[in-house]
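# Summary of the model geometry
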Amino acid sequence: MSKIKTGIFIISRMNSSRLPGKAKILIKEDSMIEFLFKRLSQNFDKNQIVICTSNSKGKTFYKLLAKKYGVKLFIGSNKNVLKRIVDCMKKFNFRNFVRVTGDNPLTDPAAIKILIKNHCKNKNDYTFTNSIPWGLKAEVFSFKALKKCMKSIIDKNSTEYLTYYFKRKDKFKIQDVKLKK
């Protein structure tokens, strides 16, 4: 998987308006985000895994986690999530990235592998699945498509929900991968 230059970005921040500090919430003895790291690091090269967070509260927490688990850390724009992701991709030289949110500790690594394979094989801009429940899903985006998206977005500070920009089939090559339940 690392040969195809795809990063697994854990998008997380501490200043959520609905549930601040949710990445620190414990599941047994581990924080929610640590639980996710353990699942991902059993299935992917640690050089592919990046904590992608904002330049706001929680930097110390994320720095300690990155060091503890031997994963990369990227701290970027607080409001412009798309810029944060694009800057992270540039820094680590990824051609594609998998978006995994830090508040979905049950994201399925097997599904991620299938999505990456389909994404690269079909040269998609955006690959996703609607055939498994929320909380298990991830999405794959190409760097080329993200740069294209950056040029057309009017409000750069409302890019937290990238999916909405990519579901327009007329602008991007997208694929909904059907996974077995």
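Computed from a predicted model, the values in this text were never measured in an experiment.

Turning our eyes to something else, we now look at the state of the cysteines. Per the counting criterion, the structure on display carries 0 disulfides. With no disulfide of its own, C88 lies 4.3 Å from the sulfur of C52, the closest cysteine sulfur. Lacking any disulfide linkage, C149 is separated from the closest cysteine sulfur, that of C52, by 15 Å. Exposure remark for C149: the relative accessible area of 1% places this residue in the buried category.

Following both chains from N to C, one finds helix α1 (residues 32-41) and helix α2 (residues 59-69) inclined at 25°, their axes separated by 12 Å at the closest point. Accordingly, the angle class assigned to the pair α1 and α2 is roughly parallel. By crossing handedness, the relation of α1 to α2 is classed as right-handed. Facing α1, whose interface residues are I33, E34, F37 and K38, α2 presents F61, Y62, L65, K68 and Y69. For the contact of α1 with α2, a count of residues per class yields 6 nonpolar, no polar and 3 charged.

Bringing the pattern of salt bridges into the picture now. Applying the stated criterion to the full structure yields 7 salt bridges. Taking the shortest distance from any N to any O, the salt bridge between K22 and D103 comes out at 2.9 Å. One end of the pair, K22, is in the loop between β1 (6-11) and β2 (26-27); the other, D103, is in the loop between β6 (96-101) and α4 (109-121), and 81 residues separate them in sequence.

Overall, the coordinates contain 11 aromatic pairs when judged by the stated rule. Geometrically, the ring pair formed by F92 and F94 is tilted, given 6.4 Å between the ring centres and 50° between the ring planes. For the pair formed by F92 and F94, the shared burial category is buried. Each ring, one from F141 and one from F166, has its centre 5.0 Å from the other, and the planes form 75°; the classification is edge-to-face. Taken together, the residues F141 in strand β8 (residues 139-142) and F166 in helix α6 (residues 163-166) connect sequence positions 25 residues apart. Neither F141 nor F166 differs from the other in exposure class; each is buried. An aromatic cluster of at least three residues, connected via ring pairs, comprises F9, F92, F94, F97, Y126, F128, F141, F166 and F172. A cation sits over an aromatic face here: K137 above W134, 3.9 Å from the ring centre. Positioned above the aromatic ring of F172, the side-chain terminus of K148 is 5.1 Å from the ring centre.

The rules behind these values
- Residues numbered from 1 in each chain as written.
- Predicted model: local features only at pLDDT ≥ 70, side-chain atom pairs only at ≥ 80, totals over all residues.
- Heavy atoms only, no water.
- Disulfide = S-S within 2.5 Å.
- Buried < 20%, exposed > 50% of the residue type's maximum accessible area, 1.4 Å probe, protein only.
- Axes fitted to C-alpha atoms, helices over the stretch in contact; angles between N-to-C directions.
- Helix = DSSP H or I, 4+ residues; strand = E, 2+ residues; numbered from the N terminus.
- Parallel < 35°, antiparallel > 145°, perpendicular 65-115°, else oblique.
- Left-handed = near helix turned anticlockwise from the far one by under 90°.
- Contact = heavy atoms within 4.5 Å.
- Nonpolar A, V, L, I, M, F, W, Y, C, P; charged D, E, K, R; others polar.
- Salt bridge = Lys/Arg side-chain N within 4 Å of Asp/Glu carboxyl O.
- Phe/Tyr/Trp six-rings, centres within 6.5 Å; stacked < 30°, edge-to-face > 60°.
- Lys NZ or Arg CZ within 6 Å of the ring centre and 35° of its normal.

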